[in-house]
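Each chain, written out:
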Amino acid sequence: GVKMPGHDPLHKVTIIPRGRALGVTMSLPERDRYSHTKQEIESRLASMYGGRVAEELIFGVEHVTTGAANDIQQATGLARKMVTEWGMSERLGPLLYDANDEEVFLGHSVTQHKNVSDATAELIDQEVRHLIEAAEAKAREILTDDIDQLHAIAEALLEYETLGAEEVEGLLRGEGVVRDSGTEVSSSSPGKRASVPSSGAVSSSSDELAPKPQTGV
């Protein structure tokens with residue numbers, strides 16, 4: 001996302017599992033947004049395929065995992081909306097092809113109304129595939145050109161688990177990750193610093209911990 005024009009600024013990236021996700025890349029908009037440009041959506045599509053493409057480049061096509069399943073699901077749905085709802089396909093034009101007027105009850109799939117011809121449905125699938133393939137190709141181009149930066153970020157994530165936006169930008173400039181002195185060191189892994197800031201040292205002085213005598217009782 002950092003390399004894509006129109007993408008929301010990076011907030012942080014982590015490899016700590018959250019729910020079904022094995023890691024999360026968080027981007028935050030700079031202001032309230034009520035609509036999205038085609039450039040912004042295409043940037044999001046490319047960033048969604050970054051993880052899958054990185055797996056292929058590092059481990060090989062035969063060793064990709066199911067980790068990108070949610071990214072693929074979201075990207076495919078986003079591309080289909082571009083084609084069928086938002087009029088962002090030159091071949092299909094600014095028309096609505098997905099009325100979404102199915103009945104809402106158990107077994108609703110049998111009551112969905114078909115509002116496009118077979119030829120149009122095939123064209124929709126072709127346009128969705130075109131958008132997805134273009135996004136994947138863009139992600140592959142960026143990661144291939146900047147493979148050294150990919151390795152640097154991966155190594156930093158293995159050490160720190162979570163990186164902020166400024167730390168990622170520093171790595172892209174060829175700098176190391178610098179943490180302040182308030183960062184705790186993991187006791188289970190000597191030399192490996194945790195990403196959780198310290199809340200301050202706790203004094204173990206017996207005088208401070210001993211109960212104080214009560215007066216005036």
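Shown above is the structure to which this text applies.
Rules and cut-offs
- Residues numbered from 1 in each chain as written.
- Predicted model: local features only at pLDDT ≥ 70, side-chain atom pairs only at ≥ 80, totals over all residues.
- Heavy atoms only, no water.
- Helix = DSSP H or I, 4+ residues; strand = E, 2+ residues; numbered from the N terminus.
- Buried < 20%, exposed > 50% of the residue type's maximum accessible area, 1.4 Å probe, protein only.
- Contact = heavy atoms within 4.5 Å.
- Areas by Shrake-Rupley, 256 points an atom, 1.4 Å probe, with all protein chains shown as cover.
- Axes fitted to C-alpha atoms, helices over the stretch in contact; angles between N-to-C directions.
- Parallel < 35°, antiparallel > 145°, perpendicular 65-115°, else oblique.
- Left-handed = near helix turned anticlockwise from the far one by under 90°.
- Nonpolar A, V, L, I, M, F, W, Y, C, P; charged D, E, K, R; others polar.
- Salt bridge = Lys/Arg side-chain N within 4 Å of Asp/Glu carboxyl O.
- Patch = residues over 30% accessible without salt bridge, like charges linked within 9 Å, V, L, I, M, F, W, Y side chains within 5 Å.

Okay, the overall build of the protein next. Helices and strands together make up the secondary structure of the protein, namely 7 helices and 5 strands. Tracing the protein from N to C terminus, the helices and strands come up as β-β-α-α-α-α-α-β-α-β-β-α. Out of the 217 residues in the protein, the part that is buried amounts to 27%. Across the protein, the fraction of contacts at a sequence separation of at least 24, relative to all contacts at a separation of at least 6, is 52%. A total accessible area of about 15,000 Å² is found for the protein, and carbon and sulfur atoms account for 53% of it.

Further remarks concern unusual backbone geometry. One non-glycine residue, E161, lies in the positive phi region at around 75 degrees. Among the structural elements, E161 can be located in the loop between α5 (147-160) and β3 (162-164).

With their axes 9 Å apart at the nearest point, helix α2 (residues 50-59) and helix α4 (residues 118-145) run at an angle of 55 degrees to one another. Between α2 and α4, the angle is such that the two are oblique. The way α2 lies across α4 gives a crossing that is right-handed. Between α2 and α4, the residues in contact are G50, V53, A54, E56 and L57 and E136, A139, R140, L143 and T144, respectively. Its residues assigned to classes, the contact of α2 with α4 shows 5 nonpolar, 2 polar and 3 charged.

Another point: the packing of helix α1 (residues 38-48) against helix α3 (residues 69-84). Contact pair α1 / α3: the axes reach a minimum separation of 9 Å and the direction vectors enclose 155 degrees. For the element pair α1 / α3, the angle class is roughly antiparallel. In this structure, α1 meets α3 at a crossing whose hand is left-handed. For the pair α1 and α3, the contacting residues are K38, I41, E42, R44, L45 and M48 in the first and D71, Q74, A75, L78, A79 and M82 in the second. Class assignment for the residues of the contact of α1 with α3 results in 7 nonpolar, 1 polar and 4 charged.

To continue, consider the pattern of salt bridges. Across all of its chains, the model carries 8 salt bridges by this definition. For R80, the salt bridge is made with D125, and the minimal N-O distance between the two is 3.0 Å. Of this pair, R80 sits in helix α3 while D125 sits in helix α4, and the two are 45 residues apart along the sequence. On the accessibility criterion, R80 (33% relative accessible area) is partly exposed.

A grouping of L57, I58 and F59 is seen on the molecular surface, where their side chains present a nonpolar patch of about 270 Å² in accessible area. You can see I58 is positioned in helix α2.

The next thing to look at is the environment of V24. Following the sequence through the fold, V24 ends up in strand β2 (residues 24-27). Under the relative-accessibility criterion, V24 is labelled partly exposed at 22%. Note: C-alpha distance between V24 and K12 (12 residues apart in sequence) is 8.3 Å. Setting aside residues up to four positions removed in sequence, V24 forms contacts with K12, V13, T14 and R18.

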